[in-house]
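Now for the letters of each chain:
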Amino acid sequence: MVEQTLVLIKPDGLKKSLTGNILTRLSETKLEIVAAKITRVTRELAQEHYSHMKDKPFFEELIRYIRGELHQRRKVMAMVYWGEDAINKVRQLAGLTNPEEADPVSIRGAYGRITTKGVYENVIHTSRDKGEAEREIKLWFKPEEIIVDLYPTKTIEVNKTKQKVWT
Ligand code: UDP
Ligand code: MG
């Protein structure tokens, strides 16, 4: 089944200069990248992205981690990968959540670590299933930032909005 999945290269991946390595590994899947950007992560976006973790004792540390506060890299690289069995293919390559349990040749197994505070710094995020992929892609991207039509859209008229343009 043709699917789409959200991939984030987390701040530790950026700080460790792993962007190229990670993209090379992901290219083994032969999936297509249909959206990509470097973006800052607001507190609201981070909390929404990890809303399923909000009762965990490490939630606040997780928010600091994804916002780049632990790595002095206040950004992530966000992408949408698209193609046959995209969710499982990327999840397989990423490896298990805990980098110590992840297959050593998976991305997380090769590059991840556990901090002394107990957070798994696993360099990459990827959606777990179709529902999570839809929720996350809609959270991180606007329809016009994705070059294929993944989900239904509507056009609305927005008045009096401000927009930054080149001078
Ligand atoms: N995490 C952690 N400790 C845990 C579980 C999760 O530090 O015991 C972090 C880890 O960075 C993980 C993120 O929280 O990637 C989100 O957790 P989730 O269970 O959604 O794992 P994922 O989908 O990223 O494999
Ligand atoms: Mg998850």
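Preceding block: the structure.
Residues numbered from 1 in each chain as written. Chains lettered and ligands numbered in written order. Predicted model: local features only at pLDDT ≥ 70, side-chain atom pairs only at ≥ 80, totals over all residues. Heavy atoms only, no water.

Draft legend 1. Quick look at the site of ligand 1. In the vicinity of ligand 1 there are 14 residues, among which H52, T97, R108, Y120 and N122 approach most closely. K10 has a polar side-chain atom sitting 3.0 Å from an oxygen atom of ligand 1. Within the side chain of N122, one N or O atom sits 2.9 Å away from an oxygen atom of ligand 1. Alone, ligand 1 offers 500 Å² of accessible surface; in the complex the protein occludes 87% of this. (Near = heavy atom within 4 Å. Polar contact = N/O pair within 3.5 Å; in protein donor to acceptor, adjacent residues only side chain to side chain. Areas by Shrake-Rupley, 256 points an atom, 1.4 Å probe, with all protein chains shown as cover.)

Draft legend 2. Fine view of the pattern of salt bridges. Counted under the stated rule, the structure contains 10 salt bridges. With its nearest N and O atoms 3.5 Å apart, the salt bridge here joins E48 to R135. Here E48, found in helix α3 (residues 43-49), pairs with R135, found in helix α7 (residues 130-140); they are 87 residues apart in sequence, far enough to count as distant. R135 gets classed as partly exposed once you look at its relative accessible area, which sits at 32%. Connected via shared salt-bridge partners are E61, R64, R67, E69 and K117. (Salt bridge = Lys/Arg side-chain N within 4 Å of Asp/Glu carboxyl O. Helix = DSSP H or I, 4+ residues; strand = E, 2+ residues; numbered from the N terminus. Buried < 20%, exposed > 50% of the residue type's maximum accessible area, 1.4 Å probe, protein only.)

Draft legend 3. Region of the structure containing the nonpolar core. One finds I137, W140, F141 and I146 to be the most contacted residues of the largest nonpolar core, which totals 27 residues. Counting only elements with at least two residues in this core, the list comes to β1 (2-9), β2 (32-39), α3, α4 (59-66), β3 (76-84) and α7. For this core, the element with the most residues is α4, which contributes five residues. Apart from the residues lying within four places of it in its own chain, the contact partners of W140 are L6, L8, K37, T39, V41, L45, H49, V76, A78 and E145. (Core = buried A, V, L, I, M, F, W, Y, C linked by side-chain atoms within 4.5 Å. Contact = heavy atoms within 4.5 Å.)

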